[in-house]
Amino acid sequence: MRKILMVCLGNICRSPLAHGILSHKAKEKKINLIVDSAGTGNWHTGNKPDSRSINIAKKFGIDISNQKARQITKDDLFEYDLIYVMDTQNKRDVYKLCTNESQKLKVKLILNEVNVDSNNSVPDPYYDEIDGFEEVYKLLNEACQKIIDKI
Ligand code: 4NP
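Residues numbered from 1 in each chain as written. Predicted model: local features only at pLDDT ≥ 70, side-chain atom pairs only at ≥ 80, totals over all residues. Heavy atoms only, no water.

1. A closer look at the side chain of Ser65
Structurally, Ser65 is set in the loop between α2 (51-59) and α3 (74-79). A distance of 2.6 Å separates a polar atom in the side chain of Ser65 from a polar atom in the side chain of Asp63. Look past the residues within four positions of Ser65 in its chain and what remains in contact with it is Lys48, Pro49 and Ile54. (Helix = DSSP H or I, 4+ residues; strand = E, 2+ residues; numbered from the N terminus. Polar contact = N/O pair within 3.5 Å; in protein donor to acceptor, adjacent residues only side chain to side chain. Contact = heavy atoms within 4.5 Å.)

Structural data, given as C-alpha cells:
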C-alpha cells in the first residue's frame, strides 16, 4: 500500500491539514492510502493541531482534532514512498536526514504538484489570523487533489 508523509516545521499547522485533506480525499475515492504527518522540529510533540487548523478543517467537513504532533525520524525515509514538504527550508532539513540518493528522490515540495517546478512554499500561517489558514487550506486542497488524481 502507498504511504505518504506530510512534513512542515511544527506539525501543528500546515502538515496536519495536508494529512487530513489527503486522507479525506482517499477515503472518498476508496483509495487505500496510509497518510501521516510530522514536523522537522520537536517543540510540539504530542500536541493536537493548532486550533485554527482544526477549525478551518472543520469548516470544510474534515476532523483533524485527533492528530498528535511528532518529529520526523530517519526511519520515515525508509518507511514512506513519498514525503511532501511544505517549504524549501523543510526540504533542506529533511534532506539532512537522508542516507542515500533514492531517499532524496522521495522528498517533494507539495506545491510543485500544482505548478510543476515552481518551487513555491506553503506560507507558514502560525503568526497569521484565520485568513492565513484559509489560504493555506485552499493551497493544500488543490495540491492534494492533484496527488489523488495521479494515483
Ligand atoms: P507549522 O507552523 O510548521 O505549519 O506547524 C508552525 C508551528 C509552530 C511554530 C512554527 C511554525 N513554532 O515556532 O512554534
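2. Brief notes about the nonpolar core
Formed by 34 residues in total, the largest nonpolar core has its most connected members in Ile4, Met6, Leu17, Leu22, Met86, Ile110 and Leu140. Those elements that place two or more of their residues in this core are β1 (2-8), α1 (14-28), β2 (33-39), α2, β3 (82-85) and α6 (130-150). Ranked by residues supplied to this core, first place goes to α6 with nine residues. Listed in part, the 12 residues of the second largest apolar core include Leu5, Val94, Val107 and Leu109. (Core = buried A, V, L, I, M, F, W, Y, C linked by side-chain atoms within 4.5 Å. Buried < 20%, exposed > 50% of the residue type's maximum accessible area, 1.4 Å probe, protein only.)

3. Examining the site of the ligand
Surveying the vicinity of the ligand reveals the residues Cys8, Leu9, Gly10, Asn11, Ile12, Cys13, Arg14, His44, Asp124 and Tyr126. Backbone polar atom of Asn11 to an oxygen atom of the ligand: 3.3 Å apart, as the coordinates give it. At a separation of 3.3 Å, an oxygen atom of the ligand approaches a polar side-chain atom of Asp124. Calculation on the ligand without its partners gives an accessible area of 360 Å², and the protein chains cover 89% of this total. Here the residues of the shell around the ligand are counted per class, giving five nonpolar, three polar and two charged. (Near = heavy atom within 4 Å. Areas by Shrake-Rupley, 256 points an atom, 1.4 Å probe, with all protein chains shown as cover. Nonpolar A, V, L, I, M, F, W, Y, C, P; charged D, E, K, R; others polar.)

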